[in-house]
Amino acid sequence: MRNNLTCLICNLLLAMGMTASAQALELCGTLKQGELISGHAFNATEVTVDGKSYTVDADGRFLFSLARDAAKNVKLSIVYQDGTIENYVLPVAENTWDIQRIEGVEQRKVTPAKADEAEILREQKDVRAALTSINPDIQDWQKGFELPVEGVISGNFGNQRIFNGVPKNPHSGTDIAAAEGTPVKAAGDGVVLLSGGNYFYSGNMVILDHGYGLQTIYMHLKEAKVAKGDHVKKGDIIGLVGKTGRVTGPHLHWGASLNNVRFRPHALLEMDLKQCRQYLPDNKERL
Ligand SMILES: [Zn+2]
């Protein structure tokens, strides 16, 4: 009966000259500050969130992330093959962030000397180049993710951090404490964008590209075990836990970034478990 009814509606739509493209938007994940959202809209060709463009695959799948300090609403626009544009205003739930006081940090890493400026600039430039890289030909992000190292979480994503009493930027990833030398695994299949570096803050790091502007970041390594351009599989050893850069002890700083916006990395592990729901557009227009 239901099939007959569906068919009847299809035929009616066709008779009215409308395509059965059923432009429904599905979003999976929590619309909350610091989260990763996966979306699906049949026949979508372009997706923008607050004017920023996100890559869409041939089946209409895409990702976007909500920044730690995202506003109360974001505007999502979808362009479809037939030239229709749908606009959505999505509410973003506020997150609460802990204050984390960290003592015993080498003072020079808290208040750098003039002589450190060039090194800090080198780090910023290299990291920015990696995290602004958008490769639409890699779809490794669709293969899923796993935890890069087992250990106690010693610092959450988003913490407001105070080093030796000095307020600093919010924490851009999750710290996982583990013994020096513990193998660090690739959280997912990807291509190495950056390896090593011995940077002022990050120490030795690896950045993996999973495609569509999604990268994972591994900092403070004792040693990186991969080279730029290497293809790695989920679970491959990419480095060893260390205490290089701005640290007080050995741990892995695990970060995740989409289009150069950091989000809570554990959201990657929850991609298959996320609640999905459909949304109706607030308005439609034509190209
Ligand atoms: Zn960290």
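Residues numbered from 1 in each chain as written. Predicted model: local features only at pLDDT ≥ 70, side-chain atom pairs only at ≥ 80, totals over all residues.

1. Focus on the nonpolar core
- Counting 57 residues, the largest nonpolar core has Leu63, Met205, Val206 and Tyr218 as its most contacted members.
- Ranked by residue count, the leading element in this core is strand S16 (residues 214-224), at six residues.
- Residues within four places of Tyr218 in sequence aside, it is in contact with Pro148, Val184, Met205, Val206, Ile238, Gly239, Leu252 and Trp254. (Core = buried A, V, L, I, M, F, W, Y, C linked by C-beta atoms within 7 Å. Buried ≥ 20, exposed ≤ 12 C-beta atoms within 10 Å, placed from the backbone. Helix = DSSP H or I, 4+ residues; strand = E, 2+ residues; numbered from the N terminus. Contact = placed C-beta atoms within 7 Å.)

2. Observations concerning the pairing of strand S15 (residues 203-211)
- In terms of burial, S15 is largely enclosed, as nine of its nine residues are buried.
- Alignment of strand S14 (residues 190-199) against S15, held across six bridges, turns out to be antiparallel. Note that in S15 the partner of Gly196 across the bridge is Met205.
- Linking two consecutive strands that pair antiparallel, namely S14 and S15, is a turn of three residues. (Pairing = 2+ DSSP bridges.)

3. Description of unusual backbone geometry
- Despite not being glycine, Asn43 shows a phi value in the positive range, around 65°.
- In this structure Asn43 comes out as partly exposed when scored by C-beta crowding, with 17 C-beta atoms within 10 Å.

4. Observations regarding the domain arrangement of the chain
- On domain assignment, one finds that the chain holds domain 1 (19-95 + 274-286) and domain 2 (99-270).
- Taking only C-alpha atoms, the centre of domain 1 and the centre of domain 2 are 28 Å apart.
- Listed as interface residues are 16 residues of domain 1 and, on the opposing side, 19 residues of domain 2.
- Looking at the side of domain 1 that touches domain 2, the element that brings in the most residues is strand S5 (residues 61-65), giving three residues. (Domains from an automatic or database assignment.)

5. Overview of the sheet that holds strand S11 (residues 166-167)
- The strand order across the open sheet formed by three strands is S8-S10-S11, and the pairing between neighbours is mixed. Two strands bound the open sheet, and with one partner strand each, they are strand S8 (99-102) and S11.
- Both strand S10 (residues 160-163) and S11 contribute to a ladder of two bridges, which runs antiparallel. Within the sheet, the bridge partner assigned to Phe163 lies in S11 and is Val166.

6. Let's talk about the pairing of strand S2 (residues 36-41)
- Pairing geometry for strand S1 (residues 25-28) and S2, over four bridges, is antiparallel. Residue pairing across strands places Leu25 opposite Ala41, the latter belonging to S2.
- In this structure, S2 lies alongside S5, joined through five bridges in antiparallel fashion. From the neighbouring strand, Leu36 faces S5, where its bridge partner is Ser65.

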